[in-house]
Amino acid sequence: MSDTKFVGTPRKVTTHVNQNEGLIFEKSSPGKKAYRLAELDVPAIDAKKLLGPALRTDLGVMPELSEIEIIRHFTRLSTWNYAIDLGMYPLGSCTMKYNGRVNEAVARLEGIAEAHPYQPESLSQGCLQIMKTLEEALLEITGMDAITLQPAAGAHGEFTGILMVRAYHESKGNARKKIIVPDSAHGTNPATAAVVGYEVANLKSNAQGMVDLEELERMVDEDTAALMLTNPSTIGVFESDIHKIADILHAKGALLYMDGANMNALVGKTRPGDFGVDVMHLNLHKTFSTPHGGGGPGSGPVAVKKILEPFLPKPTVETKPDGSLTLQFDRPQSVGRVRMFYGNFGMFVRALAYILANGPDGLRQTTEDAVLNANYIRAKLLDTFELPFKRPSLHEVVFSDKLQAKNGVKTGDMGKRLIDYGFHAYTVSFPLVVSGAMMIEPTESESREELDLLIDALKQIAQEAAENPELVKTAPHTTRLQRLDETTAARKPILRWKAPVAKEPVQPDTAAKEW
Ligand SMILES: *Cc1c(COP(=O)(O)O)cnc(C)c1O
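Calculation notes
- Residues numbered from 1 in each chain as written.
- Predicted model: local features only at pLDDT ≥ 70, side-chain atom pairs only at ≥ 80, totals over all residues.
- Heavy atoms only, no water.
- Domains from an automatic or database assignment.
- Contact = heavy atoms within 4.5 Å.
- Buried area = accessible area lost by both parts, 1.4 Å probe.
- Salt bridge = Lys/Arg side-chain N within 4 Å of Asp/Glu carboxyl O.
- Polar contact = N/O pair within 3.5 Å; in protein donor to acceptor, adjacent residues only side chain to side chain.
- Pairing = 2+ DSSP bridges.
- Helix = DSSP H or I, 4+ residues; strand = E, 2+ residues; numbered from the N terminus.
- Axes fitted to C-alpha atoms, helices over the stretch in contact; angles between N-to-C directions.
- UniProt positions renumbered as here; feature names shortened; annotations may be inferred.
- Near = heavy atom within 4 Å.
- Areas by Shrake-Rupley, 256 points an atom, 1.4 Å probe, with all protein chains shown as cover.
- Nonpolar A, V, L, I, M, F, W, Y, C, P; charged D, E, K, R; others polar.
- Buried < 20%, exposed > 50% of the residue type's maximum accessible area, 1.4 Å probe, protein only.
- pLDDT = per-residue confidence, 0-100.
- 1 Å grid on protein atoms, 1.4 Å probe; cavity = no way out; pocket = protein on both sides within 12 Å on 5 of 7 lines; lining within 4 Å.
- Points joined across faces, edges and corners; volume = space filled by probe spheres on them.
- Parallel < 35°, antiparallel > 145°, perpendicular 65-115°, else oblique.
- Left-handed = near helix turned anticlockwise from the far one by under 90°.

Let us look at the domain arrangement of the protein chain. By domain assignment, the protein chain separates into domain 1 (102–356) and domain 2 (370–483). Inter-centroid distance (C-alpha atoms) of domain 1 to domain 2 is 31 Å. With 21 residues of domain 1 at the interface, the matching set in domain 2 holds 17 residues. Roughly 1400 Å² of surface becomes buried between domain 1 and domain 2 when both sides are summed, with 63% attributable to carbon and sulfur atoms. Linking domain 1 with domain 2 are zero salt bridges, by the criterion used here. Viewed at the interface, domain 2 and domain 1 are joined by two residue pairs in polar contact (both at pLDDT 80 or more).

On the basis of which strands lie adjacent, the open sheet formed by seven strands has the order β1-β7-β6-β5-β4-β2-β3 and mixed pairing. On the outer flanks of this sheet lie β1 (146–148) and β3 (199–203), each paired with one strand and no other. Put simply, the sheet's adjacent strands are angled 20° from each other on average, direction ignored. Pairing of strand β2 (residues 178–182) with β3, which is carried by five bridges, proceeds in the parallel orientation. Directly across from P182, in β3, lies its bridge partner L203. Contacts between helix α6 (residues 125–142) and the sheet are confined to β1, β6 (279–281) and β7 (302–304), with β1 contributing the most and set at about 125° to the helix. Sheet contacts for helix α10 (residues 242–251): β4 (224–230) and β5 (255–259); angle to β5, the most-contacted strand, approximately 140°.

Listed under "modified residue: N6-(pyridoxal phosphate)lysine" (unreviewed entry) in the UniProt record, and renumbered for this structure, are K286. Tracing the sequence through the fold places K286 in the loop between β6 and β7. Sequence-distant contacts of K286, defined by excluding residues within four places in its chain, comprise S93, C94, T95, K97, A261 and H292.

Further remarks concern the site of the ligand. Inspection of the region around the ligand gives 13 residues, with S93, G154, D259, H285 and K286 positioned closest. A distance of 2.8 Å is found between an oxygen atom of the ligand and a backbone nitrogen or oxygen belonging to A155. D259 is positioned with one of its side-chain polar atoms (N or O) 2.5 Å from a nitrogen atom of the ligand. Burial of the ligand by the protein amounts to 86% of the accessible area it has alone, namely 390 Å². Looking at side-chain class alone, the shell around the ligand contains three nonpolar, seven polar and three charged residues.

With respect to the secondary-structure elements, T224 resides in strand β4. Relative accessible area serves as the criterion here: at 0%, T224 is assigned to the buried category. A distance of 3.0 Å separates a polar side-chain atom of T224 from the backbone nitrogen of D221. Those residues in contact with T224 that sit more than four places away from it in its chain are H169, R176, K178, I180, M219 and A254.

Taken together, the three strands give an open sheet; going across it, the order is β10-β12-β11, and neighbouring strands pair in antiparallel fashion. Edge positions in the sheet fall to β10 (397–400) and β11 (427–428), since each has one partner strand and no second. Summarising the sheet, β11 and strand β12 (residues 437–440) pair through two bridges and their orientation is antiparallel. Within β12, the position partnered with V428 by the bridge is M438.

Any region with low pLDDT has predicted coordinates that should not be read closely. Chain-level pLDDT for the protein chain is 92 on average; 96% of the residues reach the 70-or-more range. Ignoring residues within four places in sequence, the model shows residues 508–515, a span with pLDDT below 50, making 15 contacts including any to other chains.

In this section: the layout of surface pockets. Roughly 1200 Å³ of internal volume is contained in the largest pocket. As for the largest pocket, its lining consists of 32 residues, of which W80, N81, Y82, I419 and T479 are closest to the centre. For the lining of the largest pocket, the element with the highest residue contribution is helix α13 (residues 411–420), accounting for five residues.

Glancing now at the packing of α6 against helix α11 (residues 345–381). Geometry of a packed helix pair, given as the angle between the helix axes and the separation of the axes. Interhelical geometry of α6 versus α11 gives an angle of 45° and a closest axis separation of 9 Å. As summarised for this structure, α6 and α11 are arranged oblique, according to the angle between their axes. In the crossing of α6 with α11, the sense of the turn from one axis to the other is left-handed. Residue-level contacts link C127, I130, M131, T133, L134, A137, L138 and I141 of α6 to F345, F348, V349, A351, L352, I355 and L363 of α11. The class makeup of the residues in the contact of α6 with α11 is 14 nonpolar, one polar and no charged.

In this section: α13. Of all 10 residues making up α13, seven are buried, and the element is well covered by its neighbours. Looking at α13, one finds that the buried residues are T411, D413, M414, G415, R417, L418 and D420. The secondary structure elements touched by the buried residues of α13 are α12 (402–405), β11, β12, α14 (448–467) and α15 (469–473). Positioned one or two residues after α13, G422 has a phi angle of 90°, which is positive.

See below:
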């Protein structure tokens, strides 16, 4: 490795303080406290008497620190994170867009934040109205007939949707055997089909990365339950023959499932319900700007055509003759409940706030900006990276590492190198139909200035790959930790703090285990 950390000069980042930070247990010293209580001015209660054997006396090993130590500990940890509030997150197929602060303001309103799922219906009319209004907005956006908000993620929505497909076919006397999944699909699609008990039939894409209609026609038969299709596809291209795809399936009684995770390219422009889709999921944590990643709650509503409505999970939100709203549990053909209570309600609030804050024209503008941004990146990097599919992009663009791989530099190396330039990596090695894929989705959130910084960084990385490949292959260099051993991290994760060899005997049940 050369002693300079960059071949050119990065415009976005300078080296910054990146403090080392031990575990909170390692910082602990006995007797330290982060609080001081006033002297007791009421009679003390004997907790042992009150709680009896339920009183826990042994708290195990707890960290003991002062207030400022705690604050510094967590603040320092937070500086190790990359976040959408720090800069662009170009992960393709993920729609890592900015989450408007208005969403958070609305979600924190007392009547909403403190609502309880067991509150009587008469006191929950506001919350039910939020659900109903969101349902109506999503139905308008998708052009579908009925919807459930229950599923907690995209993959969970797929599972719910395919359960409904199975229930539909069963109601006609035969669940059918297989689900067709194109080779460009997100990994969750074949996984979903298999979990619901279907065989997965792999459909090869044609040279343009699209569904091969002739091949599809050959594959669809009376044993086909559905095709699961992402549109626009994971290479960011719209399946322009989607009508014909729907017709081929419907002719054999099979259904068209659309993975709607890429709706950021379609909202306000075209509606799946109008181009033949029977069932689809949405990712509120992608398209509708609710927080994404970090293990936070997601939301994957499933919208269906009329024929699938009887199978929706229960309860559904219905309007009573007096105009008030109620939860309807009496749904004999329902696939049942897929989530406790009604789904991730806090996400419904945020998504509805986003939809209403934008309005129809704002949502359409969002789509146009997302597509414009992806095409801008595509046009600017066309001469730097190989572009396997030449058609204009929708919301994301896929390059490959073919030119750089000649010098031994792979997509993963360049993704890690991007960290040195102040960006999160793009999506590495996906979709699988493109070898060495570099998949970039800027979203509408980014300004031209931020896009130019990314383009600039990627051009510099390409130059480094040509002039000093080792620099890229050993990246990142400016982070607190450098390249990690990913295999060991995946195979032998250490998830539990282990006390250093104890000075006193440790109780057998609190003795540290590996993980
Ligand atoms: C993100 C994504 C999913 C899965 O959604 P999760 O919420 O992560 O479960 C499925 N399909 C596509 C195309 C996606 O981009």
